[in-house]
Amino acid sequence: MIADKPGLMEEVRARFAHVEACPFEGPRIFFENAGGALRLKSVIETSAAYAGYPDNQGRDNPASAALMAAITKGKADMALFFNANRGRVFVGESGTEVLFRLIRTASLGAEKGGVMLGSTLEHPASASAMARWSEVTGRPHIRVVHDDATGTVGPAAYRAHLTPDLRVATIVHTSPVTGMSVDVAGIAAAIREVAPDCFIIVDGIQHASHGAVDTGAVLADGYAVSPYKVFSRHGYGVGWASDRLTALVKEQIVGGPADAWELGTRDAGSYATFSDVVAYLDWLGGHFTASGDRRSRIEAAGKAIAGHEARLMTAMIHGTGNLAGLVALPGVTLIGGDAVSGREGVVSLRLANMASGDLVRFLAERGIRVHIRRNDHYCGNILAPLGYDDCIRVSVSHYNTEAEVAALLTAMREAAGAS
């Protein structure tokens, strides 16, 4: 565990900006990681440096050569992050835009007819793209209903809707509202059994900061992440596409490379800042394995992050020290149950005696940053079936501590009016 290694937690926190204080409002505990993780200090420095470089790629000068080298390294690091020994990695406008491109390309390139399949657990980034391109291609868009009680969806639920004419399927790796992960590999395997040629696209945006990503293990054709949720910055998304998805006709410059996904000149700083993320995971994983293999260290980092966050989730839900957990506080309702297993850094809840917006402000006054989620186009798929207008989301990352969780529980105890 990260916290069990003397000095390591302090080293981890020292590598991130604004861990203990907001630059606008002063000291606070940051439990809004699902809305965007804290930034690595190296990412901030690299981003500033690349924003100032005046040269462009593809020129005959040393500055241009340096930019091209950063892009080449960035792509190699992205492939390592995805554990992608095949296919193509690319940078887009955002994680949402990457998902739209992957789904659009699959929908237009798949065999005519058939159906498209997703689930009600999905973020609108993938659900909206599927709705759009099912309409354009004239295919039914079937949505597997998730389990309200567990906050997730499993292979059995998907299996009930599988047919040989399935053309495109989407899977969300982790729900940003319930925090519960999905058995992507199990669902993908079930799809492949029935419809082996189906294109499978995975939304890994919420999962990517909570454990290692392995595109080979999940049998997917596309995978998307948002770097600002993985310790980097806003302004770009990163995607991976399989060889067969890459081979389909897609938007690209006429006469350009057939396997190109990127349009126009992308910011070299996006590649360089993603290299910073991979370098950080490499460093962290080196504390948990003696392997000289970078991928092994990245996987070790993923396991360490997941283990530390599971400890935080256990403390938050079931208590720590003499503090009762959220499940024991009067009036608290957890969205998607109280399971720790399969939960990736998020607890969403409601408090009977306080409106969600008031609870967000109550916690803010005590130096704890959380966020309200509403029954809208982002979270209505989770909240509407439960009959809730809103909830608050508490989300952690591996640089958070058990002491910070204890502070939250103390504040929640006060809010709940527990004696």
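Structural data are supplied above this passage.
Residues numbered from 1 in each chain as written. Predicted model: local features only at pLDDT ≥ 70, side-chain atom pairs only at ≥ 80, totals over all residues. Heavy atoms only, no water.

Caption draft 1: Just the packing of helix α3 (residues 62-82) against helix α9 (residues 268-285), in detail. It is at 8 Å that the axes of α3 and α9 come closest, and there the two elements cross at 45°. In terms of orientation, α3 and α9 fall into the oblique class. Here the hand of the crossing between α3 and α9 comes out left-handed. Listed contacts from α9 to Leu67, Ala70, Ile71, Lys73, Gly74, Lys75, Asp77, Met78, Leu80 and Phe81 of α3 are Ala268, Ser270, Tyr271, Phe274, Ser275, Val278 and Leu281. (Axes fitted to C-alpha atoms, helices over the stretch in contact; angles between N-to-C directions. Helix = DSSP H or I, 4+ residues; strand = E, 2+ residues; numbered from the N terminus. Parallel < 35°, antiparallel > 145°, perpendicular 65-115°, else oblique. Left-handed = near helix turned anticlockwise from the far one by under 90°. Contact = heavy atoms within 4.5 Å.)

Caption draft 2: Main features of the sheet that holds strand β7 (residues 166-172). Read across the open sheet, the 7 strands follow the order β4-β10-β9-β8-β7-β5-β6; overall the sheet is mixed. Two strands close off the open sheet at either side, each with one partner strand: β4 (88-92) and β6 (141-144). With strand direction ignored, the average angle separating the axes of adjacent strands in the sheet is 20°. Pairing between strand β5 (residues 115-119) and β6: 4 bridges, direction parallel. What sits directly across from glycine 118, in β6, is arginine 143. Sitting on the sheet, helix α5 (residues 124-137) is in contact with β5, β6, β7 and β8 (199-203), with an inclination near 165° to β5. (Pairing = 2+ DSSP bridges.)

Caption draft 3: Expanded view of the nonpolar core. If you look at the biggest cluster of nonpolar residues, it comprises 73 residues, and the most contacted ones within it are Phe81, Phe82 and Ile191. Looking at this core element by element, the count peaks at 9 residues for α9. What phenylalanine 81 contacts, discounting residues up to four positions off in sequence, is Ala208, Val213, Val225, Val230, Phe274, Val278, Leu281 and Arg295. The next biggest cluster of nonpolar side chains, apart from the first, holds 33 residues, and it includes Phe31, Met316, Met354 and Ile392. (Core = buried A, V, L, I, M, F, W, Y, C linked by side-chain atoms within 4.5 Å. Buried < 20%, exposed > 50% of the residue type's maximum accessible area, 1.4 Å probe, protein only.)

Caption draft 4: Seen up close, the pairing of β7. Counting buried positions along β7 gives 7 out of 7 residues, so the element sits mostly inside the fold. Bridge count between β5 and β7: 3 bridges; the pairing is parallel. Counted as the bridge partner of leucine 117 is alanine 169 from β7. Looking at chain direction, β7 and β8 are connected through 5 bridges and run parallel. Each residue of the ladder has a partner; that of valine 168, found in β8, is phenylalanine 199.

Caption draft 5: Representation of the packing of aromatic side chains in the model. Per the counting criterion, the structure on display carries 11 aromatic pairs. Here the aromatic rings of phenylalanine 81 and phenylalanine 274 are separated by 5.1 Å at their centres, their planes lie at 85°, and the arrangement is edge-to-face. Pair noted here: phenylalanine 81 is in helix α3 and phenylalanine 274 is in helix α9, with a separation of 193 residues, a long-range link. An identical accessibility class is assigned to phenylalanine 81 and phenylalanine 274; each is buried. (Phe/Tyr/Trp six-rings, centres within 6.5 Å; stacked < 30°, edge-to-face > 60°.)

Caption draft 6: Main features of the side chain of threonine 120. Considering the arrangement of structural elements, one finds threonine 120 in the loop between β5 and α5. For threonine 120, a relative accessible area of 17% gives the class buried. Non-local contacts of threonine 120, meaning those with residues more than four positions away in its chain, are made with Arg143, Val144, Val145, His146, Asn381 and Ile382.

Caption draft 7: Representation of the environment of serine 291 in the model. Among the secondary structure elements, serine 291 is positioned in the loop between α9 and α10 (294-318). Exposure remark for serine 291: the relative accessible area of 26% places this residue in the partly exposed category. Here the alpha-carbon distance between serine 291 and glutamate 93, two residues 198 residues apart in the chain, equals 35 Å. With sequence-adjacent residues up to four places away left out, serine 291 is seen in contact with Ser296 and Arg297. Reaching out from serine 291, the side chain makes a polar contact with the backbone nitrogen of aspartate 293 at a distance of 3.0 Å. (Polar contact = N/O pair within 3.5 Å; in protein donor to acceptor, adjacent residues only side chain to side chain.)

Caption draft 8: Structural detail: the sheet that holds strand β13 (residues 332-334). Spatial ordering of the open sheet is given by β13-β14-β17-β16, a layout of 4 strands whose pairing is antiparallel. Edge positions in the open sheet fall to β13 and β16 (371-374), since each of these has one partner strand only. Taking each pair of neighbouring strands and ignoring which way they run, the sheet shows an average axis angle of 40°. Across the face of the sheet, helix α11 (residues 356-365) comes into contact with β14 (346-351), β16 and β17 (390-395) while running at roughly 30° to β17.

These figures capture arrangement, not role.
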